[in-house]
Amino acid sequence: MTAAQRQEQRETVTALKKLSILVEINMAIGRTFHLKESLLATLKILQKSYHMKSGAIFLMDEDGVTLSMAASIGYQEDIAKTKYRLDEGLTGRIAATGKAIVSPQVSKEPLFLNRMSSWNAGRDREQSFVGVPIILDYDTLGVLIVNLPYNPKRDYESSTKFLTLVASALVQTIRLDRIRRQDRQELLSESAKIQEKLQDEFSFSNIIGNSHEMREVYHKVTQVARADTTVLIRGESGTGKELIAQAIHYNSLRSGKPFIRVNCAAIPDALIETEFFGHEKGAFTDAKTQKKGRFELANGGTIFLDEVGDLSPMTQVKLLRVLQEQEFERVGGTAPIKVDVRIIAATNADLESRMKKGRFREDLYYRLNVFSIFLPPLRGRQTDILLLADHFMIKYGRKHGKQIKRISTPAIDMLRQYHWPGNVRELENCIERAALVCDDQVIHSYHLPPTLQTAESSGTLPHISLDAAVANYEKELIQDALKSTRGNRAKAARLLDTTERIIGYKIQKYDIDVQRFKTA
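Heads up: these notes are all about the structure in this document. Keep in mind the model is a prediction, meaning the values are calculated, not measured. (Residues numbered from 1 in each chain as written. Predicted model: local features only at pLDDT ≥ 70, side-chain atom pairs only at ≥ 80, totals over all residues. Heavy atoms only, no water.)

Considerations on the pattern of salt bridges
Then, in step 1: All told, the structure shown has 26 salt bridges when counted by the stated rule.
Then, in step 2: E275 is the salt-bridge partner of R294, the closest N and O atoms lying 3.0 Å from each other. In this pair, R294 sits in helix α8 (residues 294-297) while E275 sits in helix α7 (residues 269-277), placing the two residues 19 residues apart along the sequence.
Then, in step 3: As a salt-bridge pair, R330 and E296 come within 2.7 Å of each other at their nearest N and O atoms. One end of the pair, R330, is in the loop between β12 (327-328) and β13 (337-338); the other, E296, is in helix α8, with 34 residues separating them in the sequence. (Salt bridge = Lys/Arg side-chain N within 4 Å of Asp/Glu carboxyl O. Helix = DSSP H or I, 4+ residues; strand = E, 2+ residues; numbered from the N terminus.)

Overview of helix α13 (residues 409-417)
Then, in step 1: Within α13, the full set of buried residues consists of A411, I412, M414 and L415. Each buried residue of α13 lies within a common arc of 160° when the element is viewed along its axis, so the set occupies one face. Exposed side chains of α13 directed beyond 90 degrees from the buried face belong to T409 and Q417.
Then, in step 2: Where α13 is buried, its residues touch α12 (385-399), β16 (406-407), α14 (423-437) and β17 (442-443). (Buried < 20%, exposed > 50% of the residue type's maximum accessible area, 1.4 Å probe, protein only. Arc of directions from axis to C-beta. Contact = heavy atoms within 4.5 Å.)

Let's talk about the environment of R226
Then, in step 1: Tracing the backbone shows R226 in the loop between α5 (212-225) and β7 (231-234).
Then, in step 2: Note on R226: relative accessible area 54%, which makes it exposed.
Then, in step 3: Residues R226 and A345, 119 residues apart in the sequence, show an inter-C-alpha distance of 17 Å.
Then, in step 4: Residues contacting R226, with those up to four places away along its chain left out, are N251, S252 and L253.

So, a nonpolar patch on the surface
Then, in step 1: Taken together, L16, L19, V23 and M27 make up a surface patch of nonpolar side chains, about 390 Å² in accessible area.
Then, in step 2: Note on placement: L19 falls in helix α1 (residues 3-30).
Then, in step 3: Judged by its relative accessible area of 49%, L19 falls in the partly exposed class. (Patch = residues over 30% accessible without salt bridge, like charges linked within 9 Å, V, L, I, M, F, W, Y side chains within 5 Å. Areas by Shrake-Rupley, 256 points an atom, 1.4 Å probe, with all protein chains shown as cover.)

Things to note about the pairing of strand β2 (residues 66-73)
Then, in step 1: Across the 8 residues that make up β2, a large majority, 7, are buried.
Then, in step 2: As defined by bridge partners, strand β1 (residues 54-60) adjoins β2 across 6 bridges and the pair is classed as antiparallel. Each residue of the ladder has a partner; that of L59, found in β2, is S68.
Then, in step 3: Joining the antiparallel neighbours β1 and β2 is a turn of 5 residues, in which G64 adopts a positive phi near 80°.
Then, in step 4: Here 3 bridges tie β2 to strand β3 (residues 83-85), and the two strands are oriented antiparallel to one another. In the sheet register, T66 faces β3, and the bridge partner there is R85. (Pairing = 2+ DSSP bridges.)

Structure representation (structure tokens):
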């Protein structure tokens, strides 16, 4: 075999070896989505198969002027925090120019800063430095540097080309990591915006009402919001108990954690336990997968139990345990699950009366009733009706695309005179209906529902005197009695608990024809 043939054979073996290293690197990168693991795996392969003494990968920071250590191997000291600025040392020069740099003998290279202590002049043999940029679309993502034992016969041009291919293999994983980090940052930013919006939406300033009764509610909410105390909110249906619960949560130290709502009255007794505590796979016929319950989903945050007075006795027992021990088991499970949950309960029921009847546990009542807030009915806070009506007018005017400016005086009078059995919820529905049918910039009395219409506003006010109205009613009663007794005056008198003489006098007074009842 000639010298040329032997040289060609050596080059072929070297090329195959480099190709094998590239394949191994690509396989290692493909096994993980974690950037640091991919970079470190690449350096380990180069150390093992390419006989690299030490090496590192630097990535460009978001500022575009600083290179930070992303992965390293073969160094003696802790160099994880090593950084280079653009044009600083060999590494910074590579990033600034976007071109590879080779220094066969680092002892003769003034730009070799040896910041990572890869070489000791008094102890180590000479070494070579090879660094290549990691480039995507003319944008430098980072720098790959390797330190090799010095060999005067080394083909540095070939080494540079090979390491450029290694750097190219890293481009995709670095780009994907950037995309993932950018998406995560956007999600965090969006989450922060949502959290800020929720805190703003449920701040005390957005709860409508300045009556004395509501100011007392605000004071109590302020007192309890920052604590972890269990709260029981009481009041009629439609008074805004959930709104107060949200205000407590979003102004508490748990505001960044979940707020889970549970309407206890809306969940059937057969399902309420699995809704509260979840279930294990196979716990019952349709339990094909494990399911987390509401308490587990609320871990670290707040759970709002609306209509808690409607819980079954068995569920009350299990709820009491969660309150006492802060733990439970899923349906079909045996392992206890610890949770850190704040409980806010609400009810419109008379719990004290239910306790006397044995329908609500006394021990659960005292566990829930640590800090009680009573929400007054709307009829008890007359000064807030107009404020709420204006708020709903603006809200639903925008929703339905109408420029409604005000509520007319007769309509305001009707709102104030009504007794509002459905409280704030009924008022909101009433104003939404009025906004929907309103065809100008003013809500008039005739836009309000029929239930609010008085005789005066609807034009049905009686135009007779009280005496005439009483006389009409009395005549109608006597006629009904005579009809029932077939014109018998004595029986009619007994039916109306009066005397026959008085009945005769009234028949004559009102000119009632008794004969027609006898023939009937």
